[in-house]
Amino acid sequence: RLEEGFSVADVLPTAFYDPGIPRSKTTHLDVESLNRSGMGNVVLFYDKSFELTEGTDLRLTQGASLTIAENISEVFPTSATINGSIRIAGGNIVLQSGTTVRLGAAGKLDVSGDVVGQYAAAGRTVTVDGGAISVEAAAIDIAAGAVLDVSGGAWLTTRSGKQTLKLGDAGE
């Protein structure tokens, strides 16, 4: 953990990296903190590899944007592997690697619209249109069972005894 009061102006302690050995440390992010953050635009850069492990459930704010991209020259091979789940209703997911992007059998990228009833929607924004998923790599490996979901959602409301169903458009 970083010391209390750590700010963007502070130097990152060498416990988080080894200045003598490039690409040698692993960084672990707390998914629950990201889920609660309310951030609308998350960009994660990696040097060698990125992995969302099986059983990890990343859920960002509706309409948010998540980019996971390599941050190194094309000389070194890189990989991004998704074995967990990423859910952003009506949002955008971009996965980039100079070498390989893998979506494992338990991997799920879900930017579908919400499916809600009037009471479930009370007090919150409803996003019924699906978002967008972009995967950019020299090789893309999608295992059987993996899910990429950009489908539209639905919102059922009742006003003056009349029910209305609003259908969302699928994304891309």
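Report on the accompanying structure. The structure presented is a predicted model; accordingly, all values stated were derived computationally and were not measured.

### As for the pairing of strand β5 (residues 79-82)
The two faces of β5 match: Ser79 and Thr81 on one face and Ala80 and Ile82 on the other face are all buried. Where β5 meets strand β8 (residues 100-103), four bridges bridge the pair, whose relative direction is parallel. Residue pairing for β8: alanine 80 is matched across the bridge by valine 101.

### Details of the pairing of strand β14 (residues 154-159)
Here three bridges tie strand β10 (residues 115-117) to β14, and the two strands are oriented parallel to one another. Bridge pairing in β14 places valine 115 opposite alanine 154. Connecting β14 to the next strand, strand β15 (residues 162-167), in antiparallel fashion are two residues, including serine 160 with a positive phi near 55°.

### Quick word on the nonpolar core
Ranked by internal contacts, the top residues of the largest apolar core, which has 24 residues, are Leu66 and Ile86. Within the residue set of this core, elements represented by two or more residues are α1 (31-37), β1 (41-46), β2 (49-52), β4 (65-70), β5, β7 (92-96) and β8. In terms of residue count, β1 provides more of this core than any other element does, three residues in total. Those residues in contact with leucine 66 that sit more than four places away from it in its chain are Val42, Leu44, Leu58, Leu60, Ile86, Ile88, Asn92, Ile93 and Val94.

### Thoughts on the pattern of salt bridges
For side chains of opposite charge, pairing can occur when their charged atoms come near one another. Inspection of the entire model under this criterion finds three salt bridges. Arginine 59 serves as the salt-bridge partner of aspartate 57, at 3.0 Å between the closest nitrogen and oxygen. Under the relative-accessibility criterion, arginine 59 is labelled partly exposed at 44%. Between arginine 87 and aspartate 110 there is a salt bridge whose closest N-O contact spans 3.1 Å. Of this pair, arginine 87 sits in strand β6 (residues 85-87) while aspartate 110 sits in strand β9 (residues 108-110); the two residues are 23 residues apart in sequence, bridging distant segments of the chain. Its relative accessible area of 14% is what places arginine 87 among the buried residues.

### Considering the environment of valine 31
Mapped onto the elements of the fold, valine 31 is located in helix α1. Between the alpha carbons of valine 31 and aspartate 57 there is a distance of 7.4 Å; along the sequence they are 26 residues apart. Ignoring sequence-local partners within four residues, the contact set of valine 31 consists of Thr56, Asp57 and Leu58.

### Description of the sheet that holds β4
Pairing within the open sheet is parallel, and its four strands lie in the order β1-β4-β7-β11. In this open sheet, the two strands that pair with only one neighbour each are β1 and β11 (132-136). Ignoring strand direction, the axes of neighbouring strands in this sheet form an average angle of 5°. One ladder, built from five bridges, connects β7 with β11; its direction is parallel. Its bridge partner being in β11, glutamine 96 is matched across the sheet by glutamate 136.

### Describing unusual backbone geometry
Working note: non-glycine residues mostly have negative phi, and peptide bonds are mostly trans. Its identity is not glycine, yet serine 160 carries a phi of approximately 55°, on the positive side. Of note, serine 160 is situated in the loop between β14 and β15.

Rules used throughout
- Residues numbered from 1 in each chain as written.
- Predicted model: local features only at pLDDT ≥ 70, side-chain atom pairs only at ≥ 80, totals over all residues.
- Heavy atoms only, no water.
- Buried < 20%, exposed > 50% of the residue type's maximum accessible area, 1.4 Å probe, protein only.
- Helix = DSSP H or I, 4+ residues; strand = E, 2+ residues; numbered from the N terminus.
- Pairing = 2+ DSSP bridges.
- Core = buried A, V, L, I, M, F, W, Y, C linked by side-chain atoms within 4.5 Å.
- Contact = heavy atoms within 4.5 Å.
- Salt bridge = Lys/Arg side-chain N within 4 Å of Asp/Glu carboxyl O.
- Axes fitted to C-alpha atoms, helices over the stretch in contact; angles between N-to-C directions.

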